[in-house]
Amino acid sequence: MEAARDSRSIVNCDAYILRLPNEILLLIFDAAKSPYASHIPYRLAVVCHRFRDILVRDMYRVVSLPKHNERQRSALIALLPSRGHHIRRLEASAPVERRDYEPDDAQVSNLLLSLSRCAKQFTNLRYLQLHLHTLDRTLTTEQQVDLIEMFKVLPPHLQELDLAGFLWTAAAKALAVAQQPNLQRILLNLESIPGAWMAPAKLTANCPALSIHIPARSKLEHIAIGFADLPQIERDSDLHPCSRHSSCQWDTGLSDLFVASSSSLTNLTIFTGSFPTSSVVHHLKQVTTITFENIDFHWDEDLLDKLVGPFATSSVTSLRLVRCSGIPTTFAEWFEYTGQFRQFFPALKELGAGLLYTHGDKEDFDEYDSEGDIFSEIGDGPIWLPEVRRKFVQDCEMLGIHAVLQYDWWES
């Protein structure tokens, strides 16, 4: 009898909050959320079935499969068939062996098999990240079949796609069967032939097929091309030898890509010094934001003219050189203030550049000692002399350009 009374008192205590409508409960749960206490929704979800039903949509709105916790990873994959319709952002990366950091092909197979079986449940998926780091960047026959099946049945609501770690040929076969008319942004970090860390300039044999990965009626707004995480040694060897030939397949493939997106593309990110700017710039008339990232210019004026120069007469409003080294001082000549109409980058409003290799003088540092100044006779060499960079800043101000410049200070 006493036990029954205790049981009723517990139910009555909970009944006060349970009498609230779901909309009010959801507001309470939202107020309890915190970036420092992300576990709160999961704790609340196990209180009762009603709490779980209210919270389940938010709990599975973003799903990132753990790379190194096999138990959590398996549990989340098992829930995909029943919770897939709640997912809007899915980040799926095949883990690597922690001991030697080599790809785990078994994990790749399990991941692709699971995704192919439940892909049709992803009715609200807007962003898909799929990083499959196989041992030699190739997929087995079974893995290729599962990848194709996944894209074949994936509901047509995808807006962003991020693929990395395997061959372009495998991705092309899968994307050829995809029906994704809403796709707006695509990031390809792929390779054309087997081999670790293949430089993007070697994407030659399969580049003409780039056009097939653009679904009919797609409106791509942002394209990022190249390797964001390519080691410096590979970036330096990215010489793109086939650019000397008129029938360059790299140029042809990119032209196909930009022709299909010419009316919608507004944002372009370039990670490779082999980007054929001159051959595709006439397809980029709607582009307003251009970012060059992780490119070593080697103080080469010709490379600067080849990559950035063709945009000098475009309608670009934002130009950024992010984590770029060896930027020659001739870059500043495009922004010289003459008191007349701007000849280069006429619509530019924002400019970012770094790192500019420079040194200080007495205007920068009170304790500067000019005796033995080894830079006084360098002239227009690789060093950005203090007077050159200061004039660069002043010219940008006079032109109404908001410039954010980062320096690599030389220390004697």
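Residues numbered from 1 in each chain as written. Predicted model: local features only at pLDDT ≥ 70, side-chain atom pairs only at ≥ 80, totals over all residues. Heavy atoms only, no water.

**Some remarks on the overall build of the protein**
Looking only at helices and strands, the protein features 13 helices and 11 strands. Of all 412 residues assigned to the protein, the portion counted as buried reaches 45%. Put simply, 76% of the contacts in the protein that link residues at least 6 apart link residues at least 24 apart. Working note: accessible area of the protein is about 21700 Å², and carbon and sulfur atoms make up 52% of it. (Helix = DSSP H or I, 4+ residues; strand = E, 2+ residues; numbered from the N terminus. Buried < 20%, exposed > 50% of the residue type's maximum accessible area, 1.4 Å probe, protein only. Contact = heavy atoms within 4.5 Å. Areas by Shrake-Rupley, 256 points an atom, 1.4 Å probe, with all protein chains shown as cover.)

**Looking at the confidence of the model for the protein**
Mean pLDDT over the protein works out to 75, with 72% of the residues at or above the 70 mark. Per-element confidence in the protein is highest for strand 9 (residues 318-322), whose mean pLDDT is 95, and lowest for helix 9 (residues 232-236), whose mean pLDDT is 40. Scored below 50 in pLDDT, residues 1-13 makes zero contacts in the model with residues more than four places away or belonging to other chains. (pLDDT = per-residue confidence, 0-100.)

**Considerations on helix 6 (residues 105-118)**
Here helix 6 spans 20 Å end to end across 14 residues, near enough to the 20 Å set by a 1.5 Å rise per residue. Every buried residue of helix 6 is accounted for by Gln107, Val108, Leu111, Leu112, Leu115, Ser116 and Cys118. The inward-facing, buried residues of helix 6 abut helix 5 (70-83), strand 2 (89-93), strand 3 (127-131) and helix 7 (141-153). (Expected span 1.5 Å × (residues − 1).)

**Overview of the packing of aromatic side chains**
Summed over the entire model, instances satisfying the criterion amount to nine aromatic pairs. Relative to phenylalanine 311, the ring of phenylalanine 292 has its centre 6.3 Å away and its plane inclined at 65°; by these criteria the two rings are edge-to-face. A residue pair is termed long-range when its members are at least 10 positions apart, and phenylalanine 292 in strand 8 (residues 289-293) and phenylalanine 311 in the loop between helix 12 (301-307) and strand 9 qualify at 19 residues. Given the relative accessible area of 1%, phenylalanine 311 is considered buried. Pairing tryptophan 334 with phenylalanine 345 gives two aromatic rings, centres 5.9 Å apart and planes at 70°, and the pair type is edge-to-face. With a gap of 11 residues between them, tryptophan 334 in the loop between strand 9 and strand 10 (350-358) and phenylalanine 345 in the loop between strand 9 and strand 10 connect regions that are remote in the sequence. Above the face of the tyrosine 127 ring, arginine 89 is positioned so that its terminal group lies 3.8 Å from the ring centre. Residue placement shows arginine 389 over the ring face of tyrosine 407; its charged tip is 5.6 Å from the ring centre. (Phe/Tyr/Trp six-rings, centres within 6.5 Å; stacked < 30°, edge-to-face > 60°. Lys NZ or Arg CZ within 6 Å of the ring centre and 35° of its normal.)

**As for the pattern of salt bridges**
Applying the stated criterion across every chain, the model contains three salt bridges. In this structure, arginine 323 engages glutamate 293 in a salt bridge whose closest nitrogen and oxygen atoms are separated by 2.1 Å. In this pair, arginine 323 sits in the loop between strand 9 and strand 10 while glutamate 293 sits in strand 8, placing the two residues 30 residues apart along the sequence. Judged by its relative accessible area of 52%, arginine 323 is exposed. (Salt bridge = Lys/Arg side-chain N within 4 Å of Asp/Glu carboxyl O.)

**Some words on the pairing of strand 7 (residues 267-270)**
Examined bridge by bridge, strand 6 (residues 222-225) and strand 7 share four bridges and lie parallel to one another. Each bridged residue has a counterpart across the sheet, and for isoleucine 225 the counterpart in strand 7 is isoleucine 270. For strand 7 and strand 8, the ladder comprises four bridges, and the chain directions are parallel. Bridge pairing links asparagine 267 to threonine 289 in strand 8. (Pairing = 2+ DSSP bridges.)

**Observations concerning the environment of valine 280**
Assignment of secondary structure puts valine 280 in helix 11 (residues 277-280). According to the relative accessible area criterion, valine 280 is buried, its value standing at 0%. Separated by 18 residues in the primary sequence, valine 280 and serine 262 place their C-alpha atoms 10.0 Å from one another.

**So, a negative patch on the surface**
A cluster of like negative charges, contributed by Asp300, Glu301, Asp302, Asp305, Glu333 and Glu336, occupies part of the molecular surface. Relative to the helices and strands, aspartate 302 is located in helix 12. A relative accessible area of 61% means that aspartate 302 is categorised as exposed. (Patch = residues over 30% accessible without salt bridge, like charges linked within 9 Å, V, L, I, M, F, W, Y side chains within 5 Å. Lys, Arg positive; Asp, Glu negative; His and termini not counted. Charge placed at Lys NZ, Arg CZ, Asp CG, Glu CD.)

**Examining a nonpolar patch on the surface**
Taken together, Ile17, Leu18, Ile24, Leu27 and Ile28 make up a surface patch of nonpolar side chains, about 390 Å² in accessible area. The set of elements that each furnish at least two residues to the nonpolar patch consists of helix 1 (2-18) and helix 2 (22-32). Examining the composition of the nonpolar patch, we find that three residues originate from one element, helix 2, more than from any other.

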